[in-house]
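Observations on chain architecture
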Amino acid sequence: MLPRLHVAAFALVTTALLGTQAHAQGVYKIGEINSYKAQPAFLEPYKKGMELAVSQVNAAGGVAGRKLQLVTRDDNGNPADAVRAADELYAREKIDVLTGSFLSHVGLALTDYAQQKKRFFLAAEPLTDKIVWENGNRYTFRLRPSTYMQVAMLVPEAAAMKKQRWAIVYPNYEYGQSAVATFKQLLKAAQPGVEFVAEQATPLGKVDAGSVVQALADAKPDAIFNVLFAADLAKFVREGNTRGLFEGKGVVSLLSGEPEYLDTLKTETPTGWVVTGYPWYAIQTPEHKAFLDAYQARFKDYPRAGSVVGYNAILSIAAGLKKAGSADTEKLIAAFRGLEVKTPFGPITYRTQDHQSTMGAYVGKTAQQQGKGVMVDFTYMDGGKFQPSDEEVKKLRPAAP
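Below or above, wherever it landed, is the structure these notes cover. The shown structure was predicted, so the numbers you read here are calculated from the model rather than taken from an experiment.

**As for the overall build of the protein chain**
Helix and strand counts for the protein chain stand at 13 helices and 14 strands. Expected size for 401 residues packed as a compact globule is a radius of gyration near 21 Å; at 23 Å, the protein chain falls within 12% of this value. Relative to its 401 residues, the protein chain shows a buried fraction of 54%. Look at the contacts in the protein chain between residues 6 or more apart in sequence, and 69% of them connect residues 24 or more apart.

**Structural notes on the sheet that holds strand β2 (residues 67–74)**
The 5 strands are arranged β2-β1-β3-β4-β5 in an open sheet whose pairing can be described as parallel. Of all the strands in the sheet, just β2 and β5 (140–142) have a single pairing partner and so form its edges. Averaged over all neighbouring strand pairs, the angle between strand axes comes to 25°, with direction disregarded. Bridging between strand β1 (residues 27–34) and strand β3 (residues 97–100) involves 4 bridges; their strand directions are parallel. What sits directly across from Ile30, in β3, is Val97. Packing of helix α4 (residues 104–117) onto the sheet brings it into contact with β1, β3, β4 (121–123) and β5, and relative to β4 it is tilted by some 165°.

**Side note on unusual backbone geometry**
Trans peptide bonds make up the majority, and among non-glycine residues the majority have a negative phi. Despite not being glycine, Leu255 shows a phi value in the positive range, around 75°. Judged by its relative accessible area of 4%, Leu255 falls in the buried class. Phi at Lys266 is positive, roughly 50°, even though this residue is not glycine. Inspection of the secondary structure assignment puts Lys266 in the loop between α9 (259–265) and β10 (274–277).

**Describing the packing of helix α5 (residues 147–160) against helix α6 (residues 174–190)**
One can describe the packing of α5 onto α6 by two numbers: an axis separation of 9 Å at closest approach and a directional angle of 40°. The angle between α5 and α6 places the two elements in the oblique class. Once α5 is placed against α6, the crossing between them reads as right-handed. Of α6, the residues touching α5 (which contributes Thr147, Tyr148, Val151, Ala152, Val155, Ala158 and Ala159) are Tyr175, Ser178, Ala179, Thr182, Phe183, Leu186, Leu187 and Ala190.

Each value, and the rule that gives it
- Residues numbered from 1 in each chain as written.
- Predicted model: local features only at pLDDT ≥ 70, side-chain atom pairs only at ≥ 80, totals over all residues.
- Heavy atoms only, no water.
- Helix = DSSP H or I, 4+ residues; strand = E, 2+ residues; numbered from the N terminus.
- Rg over C-alpha atoms; globule rule 2.2 N^0.38 Å.
- Buried < 20%, exposed > 50% of the residue type's maximum accessible area, 1.4 Å probe, protein only.
- Contact = heavy atoms within 4.5 Å.
- Pairing = 2+ DSSP bridges.
- Axes fitted to C-alpha atoms, helices over the stretch in contact; angles between N-to-C directions.
- Parallel < 35°, antiparallel > 145°, perpendicular 65-115°, else oblique.
- Left-handed = near helix turned anticlockwise from the far one by under 90°.

Geometry only, nothing functional implied.
Structure representation (structure tokens):
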């Protein structure tokens, strides 16, 4: 028979455990990992987008009566730190669903983690094709349009320039390498005989803009394909403007129409670059207007591309949980295959063949208006129209069930 003190203690512990279980039954905990300190321009708006979606889902009654709770961790832009953060989120925070990541090599680490631990993972932002193809697995889904998709959206514009000699500059890690390989492949197919006369691979976040611009200029290209972003892009543009690198040349630039990066360029924004981006100020659809109004009302600020990605990630998880009826991994996988989600860009679907969503992007040209960089002459490109054939996907994704 237990001593009276031990009985009392046991009762207290049991009550506490039951209370924890009751609390857990009332929420779905979403664990999110990202490079907040390393990439604040994109990820601060991204977090706001997630917070807006969480508040809207909860205000509407949650998912089958259970509220969403967001728990974030910083990965310091480091794959090993991201994996440790994932372990901590499951062990200490008892999360139900894992999402996040921005940098492609970090996203690949979490993709592998999901497979090893047999846990569902929604890769929100990393763009490398490997996440859904070579390294794809049954546990990982990806929201944002991949490098292949966004490059495929740009190639028709690049081919229409009819430029023969191309120079390329990119950050030397998975995202940049993937984008360049796809651009070369697709442009050669669209424009046989095209030449690539210079290639500059720069350390992420450490571009030596002067030497890069000089090397490109020395090659005398007709056109440039740029994959640099964030601070590297600003340095490259500033030095290129100073040295006249872009004069008389066609420029195609991945992501450069996103306000995260145009905002910093201001009056240095080049004119006429063909870019993917997010012209939030000129999208007239009802879905986007509702999102824009809610975002500005909550944060007294305008959304960035990251805001939409964060918002769509939470909406996707909420829709998946609702369809699955629980956070069980296998049920979530089944729910996400073919899952349809209404977003500010219109409806998207998570493809069964490679777990890639059909979220699209805007393609247009850079310009300046009132001292700010903007996108003009833009068109929304449906991500579902910029995918390889199912036969190609099977070859690219041989090991993933």
